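Structural overview
Listed below, chain by chain, are the residues.
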Amino acid sequence: MYFEKIKKFVVRWNKNRLLKRKIRKTNQEISQISGEYAAQQVGGLDFPDVKKLVIVDPLGCYGDALYVLGLLRRLTEYGFVVGVITNKHLQPLYVKVLPQDKIYIFEDDGSVNSCLEQEWDMAVDLCYMWNHHWEQRRKIIPRLRCYKVVCDPCFMENKAGIYSAVIDWRQEPHFGDRMSRVVDCVRKKVGEPRIFPFYLPDVVEGSPTKRYIYINTVGRVAWRSFSDHQVKMLIDWAKTLIDIDVFFYIDNSIKLEESGNIKIARTKSFIDACNLVSGAAAVVTPDTSIVHVASAMDIPILAFYCRNDPEVFGKMMYQIWAPLSTNSRIVLPEEDEEKCSRISIRSASDRQMIEGLAWLENHLNAGLVAG
């Protein structure tokens, strides 16, 4: 017991040490770049009149991208000329709302140079953790000759010379509301409706059946994935649902044999997952992009989120990334007595899992989900 406490302390101390080292290095790089490009920066704090703007999305996550797609669609509907700077693997999504020549790829130097040659009125950097993905952002943001806006106040405060103004996202409870703040600033109006995750109807093949359940067990990181024990509970529960098939997307380390109504979701891409979710009667998933795919399609969701310290993360994760569908339930692990910045969804109790599945099964039995 004593050894485990010492081990936890050493692991936490080492993470903090590495983070502080990364912050020091990033600050040095930013100070150098700030001095080099300060002369190019447009001064002032008032947002200019904007006709052409480029959105910088370095986050690389499908969940974030679905909301960014909603933002891009909203801006184009209002008549703005819009471009996006993003990661290569997200390009197939962005072509659904923007022409190919308005999508710029961080990994492609030719594409980056093409973006720099454009005459933008404004660039909006969506990265909300100032020291995240800086290696990608530093390639292009300081070199853009336009009014530049950041969404993380910490970056604005310490890096004057790169950015002109800040949109303080910390004031908004949900990512959809945060995205609407960008439109507020560009249009110079207040009260823009919440932006919902973008639904990709043109990638869904055939008519939805609504006669199966989709269970995703894998999050982007371990603390946002189900434990082996929780996966077993989900499988045991699914076997009791004789009249409806249940598709599982599982980690390769877990062996699952198809039998009866138990199926394996053999999706090879995010688009495949969208196709499968579109035909589901309901979805069970940890906090990951699948929440927002189902939310965009208004499919009932049982979603599991970690519990975290709002002093560390600004707001609780479930407040920022809650599903927006009309029929959803969130499961949070119970609070731990030990002060901890994050409590994994793997800490959710068996009782919480059983109660959540009972909620879902009640809807199935009532015909509110299967239709």
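Quick note: structure is the one above.
Keep in mind that this is a model prediction, so the values were computed, not measured. (Residues numbered from 1 in each chain as written. Predicted model: local features only at pLDDT ≥ 70, side-chain atom pairs only at ≥ 80, totals over all residues. Heavy atoms only, no water.)

1. Here's the deal with the overall build of the protein
Check the secondary structure of the protein and you find 13 helices and 14 strands. For the protein, the proportion of its 371 residues judged to be buried stands at 53%. Per element, the accessible surface of the protein, about 18,200 Å² overall, is 50% carbon and sulfur. (Helix = DSSP H or I, 4+ residues; strand = E, 2+ residues; numbered from the N terminus. Buried < 20%, exposed > 50% of the residue type's maximum accessible area, 1.4 Å probe, protein only. Areas by Shrake-Rupley, 256 points an atom, 1.4 Å probe, with all protein chains shown as cover.)

2. Quick word on the nonpolar core
Membership of the largest hydrophobic core comes to 95 residues, with the highest contact counts inside it found for Leu53, Ile55 and Phe248. Sorting elements by how many residues they give to this core places helix H2 (residues 62–77) first, with eight residues. The contacts of Ile55, once residues within four sequence positions are left out, are Val68, Leu71, Leu72, Leu75, Val82, Gly83, Val84, Ile85, Val124 and Leu126. Within the second largest apolar cluster, 17 residues are counted, among which are Ile85, Ala123, Trp134 and Leu144. (Core = buried A, V, L, I, M, F, W, Y, C linked by side-chain atoms within 4.5 Å. Contact = heavy atoms within 4.5 Å.)

3. Some points on the sheet that holds strand S7 (residues 212–216)
With parallel pairing, six strands are arranged side by side in an open sheet as S9-S8-S7-S10-S11-S13. A single partner strand is all that each edge strand has here, and the edge strands are strand S9 (262–264) and strand S13 (328–331). Strand after strand, the sheet turns through a mean of 15° between neighbouring axes, direction not considered. As judged from the three bridges shared by strand S8 (residues 245–249) and S9, these two strands associate in the parallel manner. Its bridge partner lying in S9, Val246 is registered against Ile262. Lying over the sheet, helix H9 (residues 270–278) contacts S7, S8 and strand S10 (282–286), oriented at roughly 140° with respect to S7. (Pairing = 2+ DSSP bridges. Axes fitted to C-alpha atoms, helices over the stretch in contact; angles between N-to-C directions.)

4. Focus: the environment of Arg224
On the secondary structure map, Arg224 appears in the loop between S7 and helix H8 (228–239). Taking the relative accessible area as the measure of exposure, Arg224 reaches 11% and is therefore buried. Sequence-distant contacts of Arg224, defined by excluding residues within four places in its chain, comprise Val218, Gly219, Pro286, Asp287, Thr288 and Ile345.

5. Re the pattern of salt bridges
Summed over all chains, the structure comprises 12 salt bridges. Between Lys139 and Asp109 there is a salt bridge; the shortest N-O distance is 3.4 Å. Pair noted here: Lys139 is in the loop between helix H5 (134–137) and strand S5 (147–150) and Asp109 is in helix H4 (residues 109–117), with a separation of 30 residues, a long-range link. We note a salt bridge from Arg351 to Glu334, for which the minimum N-O separation is 2.0 Å. With a gap of 17 residues between them, Arg351 in helix H13 (residues 350–366) and Glu334 in the loop between S13 and strand S14 (342–343) connect regions that are remote in the sequence. Residue Glu334 is classed as partly exposed on the basis of its relative accessible area of 41%. Taken together, the salt bridges that share partners define one network made up of Arg74, Arg187 and Glu192. (Salt bridge = Lys/Arg side-chain N within 4 Å of Asp/Glu carboxyl O.)

6. What to know about the packing of H9 against helix H10 (residues 289–296)
What describes two packed helices is the angle between their axes and the distance between those same axes. Closest axis-to-axis distance for the H9/H10 pair is 10 Å, and the angle between their directions is 45°. By the angle class used here, H9 and H10 are oblique. Read as a crossing pair, H9 and H10 show a hand that is right-handed. Taking contact as the criterion, the partners of Phe270, Ala273, Cys274 and Val277 in H9 are, on H10, Ser289, Ile290, Val293 and Ala294. Broken down by class, the residue content of the contact of H9 with H10 amounts to seven nonpolar, one polar and no charged. (Parallel < 35°, antiparallel > 145°, perpendicular 65-115°, else oblique. Left-handed = near helix turned anticlockwise from the far one by under 90°. Nonpolar A, V, L, I, M, F, W, Y, C, P; charged D, E, K, R; others polar.)

7. Notes on the packing of H8 against H13
Interhelical geometry of H8 versus H13 gives an angle of 30° and a closest axis separation of 11 Å. In terms of orientation, H8 and H13 fall into the roughly parallel class. When the axes of H8 and H13 are compared, the crossing they make is right-handed. Contacts between H8 and H13 pair His229, Gln230, Met233, Leu234 and Trp237 from the former with Asp350, Met353, Ile354, Leu357, Leu360 and Glu361 from the latter. Broken down by class, the residue content of the contact of H8 with H13 amounts to seven nonpolar, two polar and two charged.

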